[in-house]
Amino acid sequence: MQRKLVLLSVLVGLLAAVPASAVKVYKTTSEGLANVKVYETSSEGLADCLIYVTSSEGLASGDAKWYFESSEGLADVKIYFTSSEGLADKKVYFTKSEGLAKCGVDWKGYKKSSVGYLARSLDALQFPTDALMRRMVLSDLNRRSDVIVMPGQL
């Protein structure tokens, strides 16, 4: 029993020691190719995240420290900077102080996938009113098919 506890504590210690991976960002010029639309605000108080940009991927850690990639394929997330606050998914403020950087947004979670797109298109099938309407229409069609006589059956 004691051996299991020791192994468990070592495992937890190792997992806690692993640093958070850097958010590698690619700044895209096309809104349609972006995973997330961001508005850069001039006020810290209005921002969802305070972002610190590092000059090296190795210095970036967590969601509040970004490293801008020059290659789209190497980036974790593609961001489009919009000029309209209302069109943005998130508002960010770029800070010059690494210690002030903070953010609770999972930027890597914004990657688009066809699974999410397909799941949203099936939302109408989840409402109970649709099932009720479907039953009413199908039962009406079944009654009408009983009345319809096929040629040759007379």
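Structure first, text after, so check above.
On a predicted model such as this, the values are computed, not experimentally measured, just so you know. (Residues numbered from 1 in each chain as written. Predicted model: local features only at pLDDT ≥ 70, side-chain atom pairs only at ≥ 80, totals over all residues. Heavy atoms only, no water.)

Go over the state of the cysteines with me, naming the residues and quoting the values.
All told, the structure shown has one disulfide when counted by the stated rule. Note that Cys-49 is cross-linked by a disulfide to Cys-103, the S-S spacing being 2.0 Å. Residues Cys-49 and Cys-103 are joined through a disulfide that is right-handed, its torsion about the S-S bond being 45°. One end of the pair, Cys-49, is in strand S3 (residues 49-53); the other, Cys-103, is in the loop between strand S6 (90-94) and helix H2 (114-121), with 54 residues separating them in the sequence. (Disulfide = S-S within 2.5 Å. Helix = DSSP H or I, 4+ residues; strand = E, 2+ residues; numbered from the N terminus.)

Describe in detail the pairing of S6, supporting the description with residues and values.
Looking down a regular strand, the side chains alternate between one sheet face and the other. Bridge analysis of strand S2 (residues 36-40) against S6 gives three bridges, and the strand direction is parallel. Bridge pairing links Val-38 to Lys-90 in S6. Direction of pairing for S3 relative to S6: parallel, over a ladder of three bridges. In the strand pairing of S6, Ile-51 is matched with Phe-94. (Pairing = 2+ DSSP bridges.)

Can you lay out the sheet that holds strand S4 (residues 65-68) for me, pointing to particular residues and giving the numbers?
Here six strands make up a closed barrel; going around it, the order is S1-S4-S3-S6-S2-S5 and the pairing parallel. Here the strands of the sheet are splayed against their neighbours by 45° on average, with no regard to which way each runs. When S3 meets S4, the two strands line up parallel, connected through two bridges. From the neighbouring strand, Tyr-52 faces S4, where its bridge partner is Lys-65. (Axes fitted to C-alpha atoms, helices over the stretch in contact; angles between N-to-C directions.)

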